[in-house]
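Architecture and fold: a report
What follows is each chain in one-letter form.
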Amino acid sequence: DEQIERERASRHLAGGCCALAAIYLMGKFYVANAGDSRAIIIRNGEIIPMSREFTPETERQRLQFLALLRPELLGKEFTHLEFPRRIQPKELGKKILYRDQNMNGWAYKKIEEDDLKFPLIFGEGKKARMMATIGVTRGLGDHDLKVFSSNIHIKPFLSCFPEVRVYDLTQYEHCPDDVLVLGTDGLWDVTNDKEVAGVVMEVLTSYEPNDPCRYTMVAQELVVRSRGMLKERGWRLANDKLGSGDDISVFVIPLGGPGNYT
């Protein structure tokens, strides 16, 4: 992240990205995630999550706590409190549900002038945005990113530190159908873990266990199915729902070799 910041000045590069990394070291997989990509292990048909997405919703309390400690980062335009909906001026003095950085549930508070500011986190699901700008809260770069038509920087709220999960391969017997799947949000936006596992098993069983291209074909099939087919109404999945409009990158990494196939 610091290198990207240096290159921003020396090479005039801007922008940022999420990061998902898997490192194999001494019999263990270390999976590090900063952003909204996802990794899962499929072992004997069982799905084992190896990451979680970092979004304004999942990191609400961290973001609110930082805003509470450093209110100057909000530029007098945002409030760190969250409300079920946008507060209107006519509601001043009324009691409305809210929650802060210490709360999982909701409580009532009397609406004050500051509560009319735009909330730090607004929206739900894929539409949730931090400071009305970005839908992911960890990643690399984006040092120049600002709130639209303002001088408020987003970067202080974006963390470059990943969450790391460890999987010990020596604790289990693995066959050639056991894999680690890494994918960007373009895959997971339209395809859930169970559906991915289904594609993995469907494609792998159509190839011999010692055929190395079988894993590449799984990755290719996951990309193709998530993009969908181009029809008159745009890219559509098999169920006629919209295909993924985001970039789709997929890695399928085998955990076992042909020698221990059962």
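Numbers given for residues are sequential positions, taken from 1 along each chain in its written order. Local features in this predicted model are restricted to residues of pLDDT 70 or higher, and side-chain atom pairs are both shown and tallied only at a pLDDT of 80 or more, whereas totals for entire chains, interfaces and linings draw on every residue. Only heavy atoms go into the side-chain values, all of them from the structure, while hydrogens and water stay out.

Looking at an unreviewed UniProt entry, the chain carries the name PPM1J phosphatase, with the source organism given as Drymodes brunneopygia.

Attention shifts here to the environment of Lys194. The helix count covers DSSP runs of H or I at least four residues long, the strand count covers runs of E at least two residues long, and both are numbered beginning at the N terminus. One can find Lys194 in helix H4 (residues 193-204). Classification of residues uses two cut-offs on accessible area relative to the type maximum, computed with a 1.4 Å probe and protein chains only: under 20% is buried, over 50% is exposed, and between them is partly exposed. On the basis of relative accessible area, Lys194 is assigned to the exposed category, the value being 70%. Spatially, the C-alpha atoms of Lys194 and Ser226 are 14 Å apart, while their sequence positions differ by 32 residues.

Right, let's talk about the domain arrangement of the chain for a bit. Looking at the assigned domains, one finds that the chain contains domain 1 (1-52 + 162-254) and domain 2 (59-141). Throughout, a residue-residue contact means that at least one pair of heavy atoms, one from each residue, lies within 4.5 Å. Contact residues are listed per partner, giving 14 residues for domain 1 and 6 residues for domain 2. Contact between domain 1 and domain 2 buries roughly 800 Å² in total, counting both sides, with carbon and sulfur atoms accounting for 56%. The largest contributions to the domain 1 side of the interface with domain 2 come from Asp1, Cys17 and Ala34, which together make up 36% of the buried area. By definition here, a salt bridge exists when the distance from a side-chain nitrogen of Lys or Arg to a carboxyl oxygen of Asp or Glu is within 4 Å. Remark: the boundary between domain 1 and domain 2 carries 2 salt bridges. For Lys126, the salt bridge identified is with Asp185, shortest N-O distance 3.8 Å. Counted as a polar contact is a pair of N or O atoms within 3.5 Å, where, for protein atoms, one must be capable of donating a hydrogen and the other of accepting one, and residues adjacent in sequence contribute only when both atoms are in side chains. Our enumeration of links across domain 1 and domain 2 arrives at 3 residue pairs in polar contact (both at pLDDT 80 or more). Here the side of domain 1 that touches domain 2 is built from residues that sort into 6 nonpolar, 3 polar and 5 charged. Domains are outlined according to an automatic or database domain assignment. Note on definitions: buried area is the accessible-area loss of two parts on being combined, 1.4 Å probe, summed for both. Classification convention: Asp, Glu, Lys, Arg as charged; Ala, Val, Leu, Ile, Met, Phe, Trp, Tyr, Cys, Pro as nonpolar; all other residues, Gly among them, as polar.

By the criterion of burial, strand S14 (residues 179-183) is predominantly enclosed, with 5 of the 5 residues buried. Burial along S14 is two-sided: Val179, Val181 and Gly183 and Leu180 and Leu182, pointing in opposite directions, are all buried. Following DSSP output, two strands are said to pair if at least two bridges run between them. Of the pairings in the sheet, the one linking strand S4 (residues 38-43) to S14 comprises 5 bridges and is antiparallel in character. Looking across to S14, one finds that Ile42 is bridged to Val179. Judged from the 5 bridges that link them, S14 and strand S17 (residues 250-254) form a sheet pairing that is antiparallel. Of the residues in S17, the one forming a bridge with Gly183 is Val250.

Right, let's talk about the sheet that holds strand S2 (residues 19-25) for a bit. Strand order in the open sheet made by the 3 strands is S2-S3-S13, with antiparallel pairing throughout. Strand pairing shows two members of the sheet lacking a second neighbour, S2 and strand S13 (163-168), which therefore form its edges. Taken pair by pair, the neighbouring strands of this sheet meet at an average axis angle of 15°, ignoring direction. Relative to strand S3 (residues 28-34), S2 runs antiparallel, the two sharing 7 bridges. Within the sheet, the bridge partner assigned to Tyr24 lies in S3 and is Phe29. To get an axis, fit a line to the C-alpha atoms, keeping to the stretch in contact for a helix; angles then go from 0 to 180 degrees between the N-to-C directions.

Turning next to the pairing of strand S5 (residues 46-49). In this sheet, S5 lies alongside S4 in antiparallel orientation, the contact comprising 4 bridges. Paired with Ile42 across the strands is Ile47, a residue of S5.

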